[in-house]
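Listed here are the chains, written in short residue letters.
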Amino acid sequence: MKIDSKKLEAGAFEILIRMGETEQNARIASGILVNADMRGISTHGVNLLRMMHNRVKAGMLQLPTRTTIVEDRNGTTVMDGNNGIGQVSAFHCLELTTEKAKKYGLSMVLLRKTNNIGALGYYTSVAARKGLIQLLMTNGNPSMAPYGAAEPFFGTNPISIGIPVEGERPVFLDMSSSVVARGKIRLASLRGESIPEGWALDENGDPTTDPKKALKGCMLPLGGPKGSGLAMIVDILSGVLSGSSFSKAIKSFHTLEGPTGVGACFIGIDPNRFMPMEQFSTLVRKYVEDMKGLKKQKGFTEILAPGELELNREERSAKEGIEVPDEVIRELDTMCKELGSSFSFQ
């Protein structure tokens, strides 16, 4: 079904408040969750409220979220998410990264002991709109096999990079190290659908198109050794360097095994330290125009820049409403009743 973005955000806010979050934090988290749905990334949208609720009931998610400074030195900072909502702590880290990059030209903020922070493209596009080049990466529980292995060791360990263009929409890359985000396999399992070959292995290390078997097995890395190597680097920068958990020590956000221990790495760059922002924007704008003007392959009507598809969907969702799976809406309504709220998403 389609639902108005403001209504969806109001409902998410209501649920977060009743789970024990502060108004400020609930406003941050609900906005980030709904933005993912607006961009067509439903696996990272309000669907995550179900997992948050389950973890709160099990005492495995600490609300209200507290993001504290562990160490702060000029352009670098280490933050602790204290096992709260990942989107809230990530937002605070982004703000600090932006502030320090504007002051020092370069900044790096590491976040430890948090949870799933959602779709990374949200943060990098926000920073890009503020005139910064933003790099962001985060690790996750072991769900992907290293190249050549038949059991999980890495998370899908995504990375996102945002590029500012003055007066226009930003360019941003947002990708996982795996062939596909694991959330898509969970969604296929929820809907009773099969998955394409080449996405995952079952628990015996054999290829599978059954999402339930894939969830018991492991994902495959994007581009074989390339995705495998990228996942390792993301894990080291996000988990090892931040003092958070990494590899097999990270727990899944979707099962009640204990605190996840997720880490994240934020790197901010001020283009003005290298050339005037106006000049940089002109060069990037021309770069994108040249790329989009290339001769197209058969069957292609347009060449898209990174992030363009998501931004197009976001704008369309703002006008026409957000497409949210019916099963997710039913779960949210059930959650509202359980929390004593009369709010209805339908």
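The sections below set out a description of the structure shown in this document. All residue numbers here refer to positions counted from 1 along the written sequence of the relevant chain. Note on the predicted model: pLDDT of at least 70 is required for a residue's local features to be given, and 80 or more for side-chain atom pairs to be given and counted; whole-chain, interface and lining totals, by contrast, use all residues. To obtain the side-chain values, all non-hydrogen atoms of the structure were used and water was disregarded.

**Some words on the overall build of the protein chain**
Thought 1: Secondary structure is summarised from DSSP: a helix means a run of H or I of at least four residues, a strand means a run of E of at least two, and numbering begins at the N terminus for each. Looking only at helices and strands, the protein chain has eleven helices and twelve strands in total.
Thought 2: Taking 2.2 N^0.38 as the reference for a compact globule, 346 residues should give roughly 20 Å; the C-alpha atoms of the protein chain span a radius of gyration of 20 Å, in line with that estimate.
Thought 3: Its C-alpha atoms put the protein chain at 55 × 45 × 45 Å along the principal axes.
Thought 4: Across the 346 residues in the protein chain, those meeting the buried criterion constitute 53%.
Thought 5: A contact between two residues is defined here by any heavy atoms of the two lying within 4.5 Å. When contacts within the protein chain are restricted to residue pairs at least 6 apart in sequence, those whose partners lie at least 24 apart make up 66%.
Thought 6: In these tables, accessible area is a Shrake-Rupley quantity obtained with a 1.4 Å probe, and a residue counts as shielded only by the protein chains included in the view. When the accessible area of the protein chain is evaluated, it comes to approximately 15,900 Å², of which 53% is carbon and sulfur surface. C-alpha atoms define the radius of gyration in this analysis, and the globule rule sets the expected value at 2.2 Å times the number of residues to the power 0.38. Partly exposed residues are those whose accessible area sits between 20% and 50% of the maximum for their type, while under 20% is buried and over 50% is exposed, using a 1.4 Å probe and protein chains only.

**Looking at the environment of Met 60**
Thought 1: Following the sequence through the fold, Met 60 ends up in the loop between α3 (48-57) and β2 (68-73).
Thought 2: Here Met 60 falls in the buried class, since its relative accessible area comes to 19%.
Thought 3: Linking Met 60 and Pro 259, residues 199 residues apart in sequence, is a C-alpha distance of 5.8 Å.
Thought 4: If near-sequence neighbours (up to four positions away) are discounted, Met 60 is found in contact with Arg 55, Asn 83, Leu 256, Glu 257 and Gly 258.

**A word on the packing of aromatic side chains**
Thought 1: Whether two aromatic rings pair depends on their centres lying within 6.5 Å, for rings of Phe, Tyr and Trp, where Trp uses its six-membered ring; planes under 30 degrees apart make the pair stacked, over 60 edge-to-face, and the rest tilted. Under the counting rule described, the total for this entry stands at three aromatic pairs.
Thought 2: Their ring planes at 70° and their centres at 5.0 Å tell us that Phe 343 and Phe 345 sit as a pair that is edge-to-face.
Thought 3: Note on Phe 343: relative accessible area 24%, which makes it partly exposed.
Thought 4: Residue classification places Phe 345 among the buried residues on the basis of a relative accessible area of 1%.

**Quick look at the pattern of salt bridges**
Thought 1: Salt bridge criterion: a side-chain nitrogen from Lys or Arg within 4 Å of a carboxyl oxygen from Asp or Glu. Applying the stated criterion across every chain yields a total of 13 salt bridges.
Thought 2: Where Glu 314 meets Arg 39, a salt bridge forms, and the shortest distance between an N and an O atom there is 2.9 Å. Here Glu 314 is found in helix α10 (residues 308-320), whereas its partner Arg 39 is found in the loop between α2 (23-38) and α3, with 275 residues between them in sequence. No difference in accessibility class separates Glu 314 from Arg 39, as the two residues are buried.
Thought 3: With a closest N to O distance of 3.0 Å, Lys 57 and Glu 338 form a salt bridge. Of this pair, Lys 57 sits in helix α3 while Glu 338 is found in helix α11 (residues 326-338), placing the two residues 281 residues apart along the sequence.

**Topic: the sheet that holds strand β3 (residues 76-80)**
Thought 1: Strand pairing follows a simple DSSP-based rule, namely that at least 2 bridges must link the two strands. If you trace the seven strands from one edge of the open sheet to the other, you get β2-β3-β4-β11-β5-β6-β7, paired in mixed fashion. Of all strands in the sheet, those with a lone pairing partner are β2 and β7 (171-175), marking the two edges. Taking each pair of neighbouring strands and ignoring which way they run, the sheet shows an average axis angle of 10°.
Thought 2: Of the pairings in the sheet, the one linking strand β5 (residues 133-138) to strand β11 (residues 262-269) comprises six bridges and is antiparallel in character. Bridged to Met 137 within β11 is Cys 265.
Thought 3: Note on geometry: axes are C-alpha line fits, over the in-contact stretch for helices, and angles between N-to-C directions span 0 to 180 degrees. In this fold helix α5 (residues 120-129) packs onto β5, β6 (159-163) and β7, with an angle of close to 20° to the strand it touches most, β6.
Thought 4: Of the strands in this sheet, β4 (106-114), β5, β6, β7 and β11 are in contact with helix α8 (residues 225-240), which crosses β5 at around 95°.

**Details of the sheet that holds strand β9 (residues 207-208)**
Thought 1: With antiparallel pairing, three strands are arranged side by side in an open sheet as β9-β8-β10. Of all strands in the sheet, those with a lone pairing partner are β9 and β10 (218-219), marking the two edges.
Thought 2: Across two bridges, the pairing between strand β8 (residues 200-201) and β9 is antiparallel. Within β9, the position partnered with Leu 201 by the bridge is Pro 207.

**Some thoughts on the environment of Leu 61**
Thought 1: Along the chain, Leu 61 falls in the loop between α3 and β2.
Thought 2: For the pair Leu 61 and Leu 304, spaced 243 residues apart in the sequence, the C-alpha separation amounts to 39 Å.
Thought 3: In this structure, Leu 61 is in contact with Met 52, Arg 55, Val 56, Asn 83, Gly 84, Ile 85 and Asn 115, ignoring residues within four places of it in sequence.

**A short note on the nonpolar core**
Thought 1: Only buried residues count toward a nonpolar core, which is a set of Ala, Val, Leu, Ile, Met, Phe, Trp, Tyr and Cys residues joined through side-chain atoms within 4.5 Å. Residues Ile 15, Val 46, Leu 49 and Met 52 are the most contacted members of the largest nonpolar core, which totals 30 residues.
Thought 2: Only α1 (5-19), α2, α3 and α11 provide two or more residues apiece to this core.
Thought 3: Residue contacts for Leu 49: discarding those within four places in its chain leaves Ala 12, Ile 15, Leu 16, Met 19, Leu 33, Leu 332 and Met 335.
Thought 4: Within the second largest apolar cluster, 21 residues are counted, among which are Ile 32, Leu 96, Leu 120 and Ala 264.

**Some words on the side chain of Asn 25**
Thought 1: Mapped onto the secondary structure, Asn 25 falls in helix α2.
Thought 2: Judged by relative accessible area, which is 6%, Asn 25 ranks as buried.
Thought 3: With sequence-adjacent residues up to four places away left out, Asn 25 is seen in contact with Thr 65, Val 88 and His 92.

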